[in-house]
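A look at the structure
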Amino acid sequence: MANPFHEKIYKLLRKVPKGRVTTYKALAEAAGTKAYRAVGQAMNKNPYGILNCKGENMVPCHRVVDSKCHLHGFAHGLKKKKELLEKEGIRIENNKIVDFEKILHKF
DNA sequence: CGCAGTCTAGCAC
DNA sequence: GTGCTAGACTGCG
């Protein structure tokens, strides 16, 4: 959270409730930018790893997918991401979100 | 499938 | 301090 950019991204992402997901596009637009890639960078470099979800400052980067509900890389591996999402009640099929539109959180 | 657009972080000079 | 490259993306051809 070194920059307002990251700050916004993390803040917005933390706003996503359990059992819901969001997209890089939504985060980028909500942050006031079009650099969708930068959002992904922030997730990958984010200091609040998913494994640090003990505190309130966690960044559920595993709840972030692309516009096509397709899961991309994950700091801990897509496999871990899938398990975490399913653990929250989200179904994953071939690295894709099931009922994507229903669990998609919009800002 | 491939190229271009947009932003940040990291490394090189 | 400035410059170039790469990356968890998206949209269009």
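What counts and how
- Residue numbers here run from 1 along each chain, matching the order of that chain's written sequence.
- Both sets of labels track the order of writing: A upward for chains, 1 upward for ligands.
- It should be noted that, the model being predicted, local features are given only for residues of pLDDT at least 70 and side-chain atom pairs only at 80 or more, the latter also being counted only at that level, while totals for whole chains, interfaces and linings use all residues.
- Side-chain metrics in this entry use all non-hydrogen atoms of the structure; hydrogen atoms and water are not considered.
- Salt bridge, as applied in this entry: a Lys or Arg side-chain nitrogen positioned within 4 Å of an Asp or Glu carboxyl oxygen.
- Note on conventions: DSSP H or I runs of at least 4 residues are helices, E runs of at least 2 residues are strands, and numbering of each starts at the N terminus.
- Only protein chains enter the area calculation, which uses a 1.4 Å probe; residues under 20% of their type maximum are buried, those over 50% are exposed, and those in between are partly exposed.
- Residues are labelled near a given molecule or strand when at least one of their non-hydrogen atoms is within 4 Å of it.
- Whenever two N or O atoms come within 3.5 Å, that pair is a polar contact, provided that in protein one can donate a hydrogen and the other can accept it, and provided that, for residues adjacent in sequence, both atoms are side-chain atoms.
- Here the term charged refers only to Asp, Glu, Lys and Arg, the term nonpolar to Ala, Val, Leu, Ile, Met, Phe, Trp, Tyr, Cys and Pro, and the term polar to all other amino acids, Gly among them.
- Among the buried residues, those of types Ala, Val, Leu, Ile, Met, Phe, Trp, Tyr and Cys that are joined through side-chain atoms within 4.5 Å form a nonpolar core.
- Here, residues are in contact when the closest pair of their heavy atoms is within 4.5 Å.
- In this description, one arc is meant: the one made by directions from the helix axis to the C-beta atoms.

1. As for the pattern of salt bridges
Counted under the stated rule, the structure contains four salt bridges. With a closest N to O distance of 3.3 Å, E29 and K25 form a salt bridge. Pair noted here: E29 and K25 are both in helix α2 (residues 24-30), with a separation of four residues, about one helical turn. Close ionic contact of K79 with E83 constitutes a salt bridge, the shortest N to O distance being 3.1 Å. Of this pair, K79 and E83 both sit in helix α4 (residues 78-87), four residues apart, roughly one helical turn. Judged by relative accessible area, which is 63%, K79 ranks as exposed. The partly exposed category is assigned to E83, whose relative accessible area is 39%.

2. A look at the protein's contact with DNA strand B
Around DNA strand B sit N3, F5, H6, T33, A35, R37 and A38, and that is every residue in its neighbourhood. When atoms of DNA strand B within 4 Å of the protein are sorted by moiety, sugar and phosphate together comprise 71%. With respect to DNA strand B, the side chain of H6 contributes an N or O atom lying 3.4 Å from a phosphate oxygen. Broken down by secondary-structure element, the contributors of at least two residues to the surface near DNA strand B are α1 (4-14) and α3 (36-45). Here the surface near DNA strand B is composed, by residue class, of three nonpolar, three polar and one charged.

3. A look at the nonpolar core
Grouped burial of nonpolar side chains is what soluble globular proteins tend to show. If you look at the biggest cluster of nonpolar residues, it comprises 19 residues, and the most contacted ones within it are I9, L13, L27, V39, M43, I50 and V64. Contributions of two or more residues to this core are made by α1, α2 and α3. The dominant element in this core, judged by the number of residues it contributes, is α1, at four residues. Those residues in contact with V64 that sit more than four places away from it in its chain are L13, T22, T23, Y24, L27, M43 and K81.

4. Thoughts on α4
Those residues of α4 that fall on the buried side of the exposure criterion are K81, L84 and L85. Down the axis of α4, the sector holding all buried residues measures 95°, keeping them to one side. In this structure, α4 carries K79 and K87 as exposed residues pointing more than 90 degrees from its buried face. Contacts made by the buried residues of α4 are with α2 and β2 (64-65). Phi for G89, located one or two positions after α4, is positive at around 95°.

Take it as geometry only, folks, not as evidence of what the structure does.
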